[in-house]
Amino acid sequence: AGGVTAEAYIPGARVLRGGVLVGLDLGKALASPSGEDDLILRPGDRLEVPEYDGTVLVTGGVRVASRVPFGESLSLEDYLTLAGGVGDDGDRGKAYVEYANGWRDVSSKFLFFRSDPGVQPGSTIVIPPKGEGEGFRGDEFLTRTLSIMGTLATVMIAAKQLGGA
């Protein structure tokens, strides 16, 4: 098709096939024609190559949805801080990054260690909302604790009465 223009952001290229995203690394495909990364396009496929976007969108359960200038040294946590932090309804543990090419990578946690995906220009950081019933709910905790204590007291009184009779 004559190649890409100077404005093309090759890492953001994506192919849509029947409305579904098809994995593509256009940089590798262009560097090695007929190599394993060279995707064969089919009739109806749509190749989209965006212009460079030097920002990162931070959205979802953050205090202020923001578009922040990309910084090579900034981590996912830094971008969240620049968006005012995670809101009370945001689930930080399920954060994910959607890259300009449509691929996604999620945060993971093992014991006390969190591993966040890297952030690239044109990425979107999403903090999903907490699911129903997730998180600490003091009213439910108190209700359950009192219910258990009441049941234990009833059992102890009944056992004492049976033992003393």
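Model, not experiment: these values are computed from the prediction. (Residues numbered from 1 in each chain as written. Predicted model: local features only at pLDDT ≥ 70, side-chain atom pairs only at ≥ 80, totals over all residues. Heavy atoms only, no water.)

Novice: Pulling in residues and values, what's your account of the side chain of N101?
Specialist: Relative to the helices and strands, N101 resides in the loop between β6 (96-98) and β7 (104-106). From its side chain, N101 meets the backbone nitrogen of W103 in a polar contact 3.0 Å long. Leaving out residues up to four positions away in the same chain, N101 has contacts with P11, G12, A13, R14, L21 and L24. (Helix = DSSP H or I, 4+ residues; strand = E, 2+ residues; numbered from the N terminus. Polar contact = N/O pair within 3.5 Å; in protein donor to acceptor, adjacent residues only side chain to side chain. Contact = heavy atoms within 4.5 Å.)

Novice: Please provide a residue-by-residue account of the pattern of salt bridges, values included.
Specialist: When their charged atoms lie close together, side chains carrying opposite charge are able to pair. Tallying each qualifying case throughout the model produces eight salt bridges. As a salt-bridge pair, D116 and R92 come within 2.7 Å of each other at their nearest N and O atoms. Placement of the pair is D116 in the loop between β9 (113-115) and β10 (124-127) and R92 in the loop between α2 (76-82) and β6, with a sequence separation of 24 residues. Relative accessible area serves as the criterion here: at 12%, R92 is assigned to the buried category. One network of salt bridges, in which partners are shared, links R14, E98 and R104. (Salt bridge = Lys/Arg side-chain N within 4 Å of Asp/Glu carboxyl O. Buried < 20%, exposed > 50% of the residue type's maximum accessible area, 1.4 Å probe, protein only.)

Novice: For the pairing of β10, give the residues involved together with the corresponding values.
Specialist: Here strand β4 (residues 55-60) runs beside β10; their pairing, made up of four bridges, is parallel. Counterpart to G60 in the pairing with β10 is I127. Sheet topology note: the β6/β10 ladder contains three bridges and is antiparallel. In the sheet register, E98 faces β10, and the bridge partner there is T124. (Pairing = 2+ DSSP bridges.)

Novice: So, unusual backbone geometry: which residues are in play, and what are the values?
Specialist: Although it is not a glycine, S34 adopts a positive phi angle of roughly 70°. Mapped onto the fold, S34 is located in the loop between α1 (26-31) and β3 (46-48). On the accessibility criterion, S34 (70% relative accessible area) is exposed. Positive phi is not limited to glycine here, since L111 has a value of about 55°. Summarising the element assignment, L111 is placed in the loop between β8 (108-110) and β9.

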